Structures are given as structure tokens and as C-alpha cells.
Amino acid sequence: MIKTLLLSAAAVAIGPASGSVAVVTADGDKNRPVTKVITLLKDMQKQLQKEADEDEAIYDKMACWCQTNDREKTEAIKTAEVRIDGLTTKIEELTAGSARLNTEIKNLEKEIAENQDSLDKATAIREKQLAEFNAEEKDLLESISALKAAITMLSKHNGGTGFLQIRNTRLMGVAATLQNEMTKHSSLLQGVLTHAERRTADSFIKAPADYFDAAPTFKQSYAPQSGEIFGILRQMLETFESNLSASQKEELANQQAYGELKAAKEDEIKAGQAQIDSKTGELADTDEKNAQAKVDVDDTKASLSADEQFLSMLKEKCSMADKEWEERQKTRQLEMEAVSQALAVLSGDDAHDLFTRTFNPSFLQRSSSSSSSSDRRSAASALLARVAERLHSPRLATLAYNLKLDAFTRVKKAIDDMVTQLLKEQEDEVKHKDFCTGEFNTNQLQTEKKERTKEDLLASIEDLEMTIDELAKAIDELNAEIAEMQVQLKRAGEDREKENAEFQTTVADQRETQKLLKTALQVLGDFYNKKTASLLQRQEPAGPPPPAGFETYKNNAGSGGVIQLIQQIISDAKAMEAEAIRSEEDAQKAYEDFVKETNASIEAKSKDIVEKSEVKARAEGELVETKEAKEAVILELEQLSNYNAQLHQSCDFVLKNFDLRQTARDEEIEALRQAKAILSGAKFDNFLQRS
């Protein structure tokens, strides 16, 4: 509408400016040129107000976008910083835990190495002791065997066997044995043999035959010196046997001590290795969590950096929007004031009378010539009007109209200002397009990354929930098994008490039965034994035989069977008592073994429950953290989606019409430059041909 008005006004204004004859129609009588200008100014006021309303709506949307994104990004940055602090603390704790576990593992490995070294040294010492003992035992056994053989040989002579039966070679063998043993075990025999015994032994070694003459000499005083040699040999034998026994006891003690040391060291090594295995698994879990925490920190920092960059861009863009809004408001206000003032000037009574006299058709005259300046102005105005109509540009139409009224200098300046403004708008639109393209790409990448993170978190949540459910079921099963074993323990205890009560009753009954049977057996035994003895002692008196009297009193024929039966019953009762005692001992042992095994199983299951509960607690903690992370990711996805929608709202029109708008703006700039060239003296025909 405004384009048509401007073109109409331009057509009317060109007439008098070009010097052609003014043709006034019936409408021209009613609407003089100044009236049309006033109408155009009023239309401009309406247009300015409309543009002001549109700018206000755009600014409200921009302000809403700025406030919403500023608040959301500020909150996201705060959340990310808190999460980074938490993850940093967690990383420090996990790093410290990893270092602690490494140190503990190294200490345990060192301890195991020391225990193994101690065991190896003890084994080497034990092997050396065993070798020394075996050598000493073999030596002593050989010496004892030789001494026993020598003693056996001499014992024949010492016991009365004739010397002639002992050959000289055997005596020499005994002397050699004595000499060998005294030399080989001189340290062992130190303090055992007296000097006299050593001299006797030396004499025997030098001349064994002199000590075993057929008949004792005066020197031997009928006490064969072979007895002294025999005593020396027996004393040496006892010493060797005593030393062998002591060595064997010492070897047994050494063997037992080594066995205890070996068992203790092996237990320590086994326990240390078990701790190493446990701590190695804990270390692997700690390192895995530490690595994941570091990845989370990096991801959170990357997200934080992107949010900070976006927030910085947002503040800058919003600040520029505020400044542009203020500038546009101020400029439009000045423009509206200028239009209002112009209306006030042109609408006054004096101005109306003046314009009536000035533009009365009766006073108009045909002009025969026009100036070169008017021609250039008209040509430039026509060019701008044609381009304005083709591009639908109100600014060019307005400029074309003003070109007819204003001087060249002001028009050129207006053209330069408009070209500058168009170039700036073109540059701003290019920046806006680049910004939109970059933001769309960044938004898509971040959305895809967050979607992958969301899928990973959902998978982790599913795994953790499955793990927690399995652990809960396992804990419930273990608790049920422990409760069942406790019930079994209680029942076994009650059964054991019943069995023990029955055992006490059985034993008491058996012993009471034995007591009664023994009493009956004693009564019968006293009677029958006494009666038999009295019958055996009675003798017939000397003299004539008495008349026939009572027959010989005989024991009841069944008494022997009764006594034997009672004895058999007593034996059976004792056997039953012994069997009951053995059964009670077996039952008690079985009960104790059952209690021990059940308590061990309960303790193992309780420990398993504690471990599974700890794992379950850690899994639940991780589940809470993972769900929080998932909610955070979902919130970020919503923010990215909202921002994407805002980008579409802000950028779709620009991206869709970018080339068209750039082309139109280039044509508009080119038209302005051509108009300026025309005003500067260029030929209009050239531009018409180029057009």
C-alpha cells in the first residue's frame, strides 16, 4: 500500500519538477500535491507505528529467548561445576585408594617374599640337620653294632667259655674295633673312660693275646683282665646308645619344630596371597571407577565449556539486541517526531492558504524548457521508482519521491547512507546465516552425543537394577538358608537332649538291673557256697556207725543254672550299658560335628551376605548417580531441543530466503549506486540499456 502511495506521489511531483504542462483532472482539483504529501505523512505515521509494534514483538521474543536460555544455561553451568567438583573429589579419593592398595599389595608381596625366604632358609637348615643326623645315626649304629659284636664275642669268655675257643684273629678284630671307636669318638668318650680304663684299653689294643692266657698268672691275680675290657666295651656301648637316643629325640624335636614352622609360614603365605588377590580385584575395580570418573569429568568439562561459550554468545547477542532495540526506538521516535512536526507545519491554516494560492491551476503556465539538473533528478527518480516497484522496497520508493523534492547533496547523502545501511544489513545477515549454520551443526552434534550418553546410562541402569535384583535374591536365599540351618540346629539340640535323657534313663536302668542281679547272685552264692563248705568239712565220728539218718543234702538241681543265668544277664546288662555309652559318645560327637559344620556354614553365609550387601549398596549408590546423570542428560536434551526450536524460529526464514534476500539487496544497492551516478552526471540511457 505504501509503495503505491509513494509511487503515486512521485508521479505527481515529477510533473512540475520536469517543466511539463500540468494536467489537472477533477481529482486534482480536490487533492492538490500538498494534500497528497500530508496524506503520505499520515500513512508514514501509521507505518512507523506498525513497524514499532512489530519491533516490540520481535524484541519481546528475543528478550524471552535471552532470559530463558540465560537462566537454563546458568543453571546447567552451576550443575556442571558442582558435578565436576564431586567427580574431582571422587577421583582424588579413588586415586588415593589406588595408591593405598598398590602400597598394601607391595607390602604383602614383600611379606610373602620374606616368609618364603624364611621358609627356604629353614628348609635348608632342616635338610642340613637331617643330613648331619643321618650321618651321625649311621655312624653310631655302625659303632653300636661293632661294639655289640665285640661284647658278644668277649661275653663267651667272660661267662666261662674257654679261651682256646677264641682265635687270635678275632681278638685282633676286637682290639681293632676298640681302637677305631676310641679314635673316632674320642670327643664323645671324653670324661666317660677313666685314665686307668684308657691305659687298660691301650694295653689290650697293643697285645690282645696277653689278656687272654689259658691260665691266670700271678699278675692277673685270678681276675681275668678280659672282664675289664668287657666292661669298657659295655660302657662305650651304653654311651653310644644314650647319645643315639638323645640325637633321635633331638631330631624328632627338630622335625616337629620345622613342621610347625613350615605350616605357620605356609598359612601366612596363603593368607597373604589371598589378601593380594582380594586387593588386586579391589584395585582393578577402583582403577576402573577412576578411569570412568575421569571420562565423566572430561565430558562434563566439555559440556560446561560449550554451555559457557553459548552463554557468552547469548549475552553478547542479547546485549547487541538491547542496544539495537534502544537505537531503533530512539531513531523511530525522532522519525515520528519529525513526521509529526512536518504534518503540523503543512496542516496549518496559513500553510493551507499559501499552498492554495501557490498551486492554483489558473496560475500555472507551461514551461518551454527544463534544466539539466531537473532532467538528472527525474532520471534518477525514475530509475529508483522502477527498481523499488520490482523489489517491493518502500525505502527506494520513498527515496525516489524525496529525490524530486530534495537537493542533490542531500539525496546523494541519503543514497550513501542507505547503501551503507544495506551493506551492513547484508553483512549482518551473512553473520546471522553463519551463526545459524554453526549453531544447528553444534546442536545436532551435542544432541547425538547426549542421545548416546542417554542410551549408555539406560543400559547401565538396566544392568545395575538387574545386579541389585540378583544380589537381593541371593541375600534373601542366604538368609533363608541361615534361618533353616538355625532351625535345624535348634531341632538337633532338642533331639540331642531327648537322646541324652533316654541314654541316662537306659544307663540308670541297666545299672540298677545289674545291682539287683548282683544282690540276688550274692545271696544265692553265699548260701550255696557256705552249704557246700559245711558239707565238705563234716566227718563221721569214731565208733559204731549211727543208724541211718537223713540222706545227704544236695543243692537244688536248678541252682547252678539260675546262678549262671543271672551272671549271663549281668554280663548282657554290662554289654548293653557299654553299647549305650558308645552310642551316646558317637551321637554326641556327631552332634558336635554337625553344630561345628553348621556354625561354619552360617558364618560363611553371613560373611557372604555382608559382602553381597556391600556390593548391593555400592550398586544402589551407582544406580542413584546414574539415574541423576540420566535426568541431567534428559534435561540437557530438552534444552537442546528447545534451543533447536528457537534456532528454527530465528533462522528458518533467513536460511530459506538467504540467496533471494542477498540478490534483492545487491540489486537495491546497485540501483542506488546508479541513481547516484546519474545525479553525478552519468547518462540515463546507459543504465536503461544495462537494465
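Residues numbered from 1 in each chain as written. Predicted model: local features only at pLDDT ≥ 70, side-chain atom pairs only at ≥ 80, totals over all residues. Heavy atoms only, no water.

Brief notes about the overall build of the chain
Per the secondary structure count, the chain includes 13 helices and zero strands. For the chain, the N- to C-terminal ordering of α and β elements is α-α-α-α-α-α-α-α-α-α-α-α-α. The buried share of the chain, reckoned over its 691 residues, is 30%. In the chain, the proportion of contacts linking residues at least 24 apart, taken out of those at least 6 apart, comes to 88%. Working note: accessible area of the chain is about 44000 Å², and carbon and sulfur atoms make up 53% of it. (Helix = DSSP H or I, 4+ residues; strand = E, 2+ residues; numbered from the N terminus. Buried < 20%, exposed > 50% of the residue type's maximum accessible area, 1.4 Å probe, protein only. Contact = heavy atoms within 4.5 Å. Areas by Shrake-Rupley, 256 points an atom, 1.4 Å probe, with all protein chains shown as cover.)

Observations concerning the side chain of His-432
Its place among the elements puts His-432 in helix H10 (residues 408–537). Once residues lying within four places of it in the same chain are set aside, the contact partners of His-432 are Lys-317, Ser-650, Cys-651 and Val-654.

What about the packing of aromatic side chains?
For the structure on display, the rule yields four aromatic pairs. Geometrically, the ring pair formed by Phe-310 and Tyr-643 is edge-to-face, given 4.2 Å between the ring centres and 80° between the ring planes. Separated by 333 residues along the polypeptide, Phe-310 in helix H6 (residues 226–347) and Tyr-643 in helix H11 (residues 559–656) bring together distant segments of the chain. The pair Phe-310 / Tyr-643 is uniform in exposure class, with both members buried. Three or more aromatic residues link up through ring pairs in this structure, and these residues are Trp-65, Phe-310 and Tyr-643. Its end group placed over the ring of Phe-310, Lys-73 keeps NZ or CZ at 5.2 Å from the ring centre. The ring of Phe-435 carries the charged tip of Lys-317 above its face, separated from the ring centre by 5.3 Å. (Phe/Tyr/Trp six-rings, centres within 6.5 Å; stacked < 30°, edge-to-face > 60°. Lys NZ or Arg CZ within 6 Å of the ring centre and 35° of its normal.)

Description of helix H5 (residues 195–206)
Residue pairs three or four apart in sequence face the same way in an α-helix, which turns once every 3.6 residues. With 12 residues, H5 extends 16 Å between its outermost C-alpha atoms, agreeing within 8% with the 16 Å of an ideal straight helix rising 1.5 Å per residue. Of all the residues in H5, the buried ones are Thr-200, Ala-201, Phe-204 and Ile-205. Looking straight down H5, one finds its buried side chains confined to an arc of 135°; they lie on one side. Of the residues in H5, the exposed ones pointing more than 90 degrees away from the buried face are His-195, Arg-199 and Lys-206. (Expected span 1.5 Å × (residues − 1). Arc of directions from axis to C-beta.)

Regarding the nonpolar core
In this structure, Leu-178, Met-182, Ile-232, Leu-233, Met-236 and Phe-240 are the most contacted members of the largest nonpolar core, which totals 22 residues. Elements supplying a minimum of two residues to this core: helix H3 (33–158), helix H4 (168–184), H5 and H6. Ranked by residues supplied to this core, first place goes to H6 with eight residues. Ala-80, Ile-84, Leu-311 and Tyr-643 belong to the second-largest nonpolar core, a separate cluster that totals 17 residues. (Core = buried A, V, L, I, M, F, W, Y, C linked by side-chain atoms within 4.5 Å.)

Quick look at the confidence of the model for the chain
In this model, the chain carries an average pLDDT of 76, and 73% of its residues clear a pLDDT of 70 or more. When pLDDT is averaged over each element of the chain, H11 comes out on top at 87 and helix H1 (residues 2–18) at the bottom at 35. The low-confidence segment residues 683–691 (pLDDT under 50) makes 14 contacts with residues lying over four places distant or belonging to another chain. (pLDDT = per-residue confidence, 0-100.)

Points about the side chain of Asn-443
Topologically, Asn-443 is positioned in helix H10. Among the residues examined, Asn-443 registers a relative accessible area of 5% and is labelled buried. Of the polar contacts made by the side chain of Asn-443, one reaches the side chain of Asn-644; its length is 3.2 Å. (Polar contact = N/O pair within 3.5 Å; in protein donor to acceptor, adjacent residues only side chain to side chain.)

Considering the layout of surface pockets
When its volume is computed, the second largest pocket comes out at roughly 1400 Å³. The wall of the second largest pocket is formed by 37 residues, among which Arg-83, Gln-292, Asp-296, Leu-457 and Ala-629 lie closest to the centre. Within the residue set of the lining of the second largest pocket, elements represented by two or more residues are H3, H6, H10 and H11. Considering each element in turn, the lining of the second largest pocket owes the most residues, 11 residues, to H6. Of the residues belonging to the lining of the second largest pocket, the class tally is 11 nonpolar, nine polar and 17 charged. (1 Å grid on protein atoms, 1.4 Å probe; cavity = no way out; pocket = protein on both sides within 12 Å on 5 of 7 lines; lining within 4 Å. Points joined across faces, edges and corners; volume = space filled by probe spheres on them. Nonpolar A, V, L, I, M, F, W, Y, C, P; charged D, E, K, R; others polar.)

Let's talk about the state of the cysteines
Taken as a whole, this structure holds two disulfides when the rule is applied. Between the sulfur of Cys-66 and that of Cys-318 lies a disulfide, 1.8 Å long from S to S. Between Cys-66 and Cys-318, the S-S dihedral sits near -100°, and the bridge is therefore left-handed. Within this pair, whereas Cys-66 is found in helix H3, its partner Cys-318 is found in helix H6, the two being separated by 252 residues in sequence. We note that Cys-66, like Cys-318, is buried. Across a sulfur-sulfur distance of 1.9 Å, Cys-436 and Cys-651 are joined as a disulfide pair. Because the sign of the S-S torsion sets the handedness, a value of about -75° for the bond joining Cys-436 and Cys-651 places this disulfide among the left-handed ones. Taken together, the residues span a long stretch of sequence, with Cys-436 in helix H10 and Cys-651 in helix H11 at a distance of 215 residues. (Disulfide = S-S within 2.5 Å.)

Brief notes about the pattern of salt bridges
In total, this model carries 30 salt bridges according to the counting rule given. Between Glu-104 and Arg-100 there is a salt bridge; the shortest N-O distance is 3.2 Å. Remark: Arg-100 and Glu-104 occur in helix H3; sequence separation between them is four residues, near one turn of the helix. Shared partners join several salt bridges into a network, and the residues in it are Glu-425, Glu-429, Arg-661 and Arg-665. (Salt bridge = Lys/Arg side-chain N within 4 Å of Asp/Glu carboxyl O.)

Quick word on a negative patch on the surface
On the surface, Asp-53, Glu-54, Glu-56 and Asp-60 cluster together into a negatively charged patch. By the element assignment, Asp-53 lies in helix H3. (Patch = residues over 30% accessible without salt bridge, like charges linked within 9 Å, V, L, I, M, F, W, Y side chains within 5 Å. Lys, Arg positive; Asp, Glu negative; His and termini not counted. Charge placed at Lys NZ, Arg CZ, Asp CG, Glu CD.)

Overview of the environment of Ser-145
Note that Ser-145 resides in helix H3. On the basis of relative accessible area, Ser-145 is assigned to the partly exposed category, the value being 46%. Each C-alpha atom, one on Ser-145 and one on Leu-237, is 9.0 Å from the other, the two residues being 92 residues apart in sequence.

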